[in-house]
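# Chains, contacts and geometry: an overview
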Amino acid sequence: MPPVAVIEKIQASAEEVFNFIGHVETHPQIADFSQSVKIISEQKSGVGMRFHQVYTSGIEHVSEIMVWEPGRKIVWHNFEGDSNTPVMIISYYFEEEGPYTHILHTVECDEYENQAKHRDGTLRNIRELANLKRILEGG
């Protein structure tokens, strides 16, 4: 899976940025390709939390948090149907530097073997982090 990787510098603590991303139901506020997100597990945060995503394209995924390191890293896998193999691996890495947090966001997907789809995925995720920056910096 070739990854899409984008990075942004946000004037907010790593804890604030992590908490926003970790509250997955906020994803449609930053990702214009995300229509809705609903937690479907009894567990509401951390490793093992599962949620259902609907994209504006009509595609749906069940996702599961695989890594949960507060203030440092969140990783989730997107699954289609009853498959145990992820179709996408989504990662957010946070690094605090003074009043700023650097956030590295990666998305791994076999679909990104196609360069046009890789470029489109990169642009979508650049917009996502720009929206996150705007919201958290109050702009």
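As the structure is a computational prediction, the values presented were derived from the model and not from experiment.

## Observations concerning helix α3 (residues 115-136)
Taking 1.5 Å as the rise per residue, α3 with 22 residues should run 32 Å; its terminal C-alpha atoms sit 31 Å apart, in good agreement. Taken together, the buried positions of α3 are His118, Gly121, Thr122, Arg124, Asn125, Glu128, Leu129 and Leu132. Take α3 and look down its axis: the buried residues cluster within an arc of 165°, on one side only. Seen from the buried face of α3, the exposed residues on the opposite side, beyond 90 degrees, are Ala116 and Arg119. Those residues of α3 that are buried lie in contact with β1 (3-10), α1 (14-22), α2 (27-30), β6 (88-97) and β7 (100-108). The backbone nitrogen of Ala116 has a side-chain oxygen 2.9 Å away, supplied by the residue at the start of α3, namely Asn114. Phi turns positive, to about 75°, at Gly138, one or two residues after α3.

## Re the nonpolar core
The biggest cluster of nonpolar side chains holds 28 residues, and the ones touching the most others in it are Ile21, Val24, Phe51, Trp76, Phe94, Ile103 and Leu132. Examining the composition of this core, we find that five residues originate from one element, α1, more than from any other.

## A few points about the side chain of His77
Its location among the elements puts His77 in strand β5 (residues 73-79). Contact partners of His77, with chain neighbours within four places excluded, come to Val62, Ser63, Glu64, Met66, Pro86, Met88 and Ile89.

## Some words on the pattern of salt bridges
Scanning all chains against the criterion turns up six salt bridges. Between Lys133 and Glu8 there is a salt bridge, with its nearest N and O atoms 3.9 Å apart. A residue pair is termed long-range when its members are at least 10 positions apart, and Lys133 in helix α3 and Glu8 in strand β1 qualify at 125 residues. Overall, the relative accessible area of 25% leaves Lys133 in the partly exposed class. On the basis of relative accessible area, Glu8 is assigned to the partly exposed category, the value being 21%. Between Asp32 and Arg127 there is a salt bridge, with the nearest N and O atoms lying 2.7 Å from each other.

Definitions and cut-offs
Residues numbered from 1 in each chain as written. Predicted model: local features only at pLDDT ≥ 70, side-chain atom pairs only at ≥ 80, totals over all residues. Heavy atoms only, no water. Helix = DSSP H or I, 4+ residues; strand = E, 2+ residues; numbered from the N terminus. Expected span 1.5 Å × (residues − 1). Buried < 20%, exposed > 50% of the residue type's maximum accessible area, 1.4 Å probe, protein only. Arc of directions from axis to C-beta. Contact = heavy atoms within 4.5 Å. Polar contact = N/O pair within 3.5 Å; in protein donor to acceptor, adjacent residues only side chain to side chain. Core = buried A, V, L, I, M, F, W, Y, C linked by side-chain atoms within 4.5 Å. Salt bridge = Lys/Arg side-chain N within 4 Å of Asp/Glu carboxyl O.

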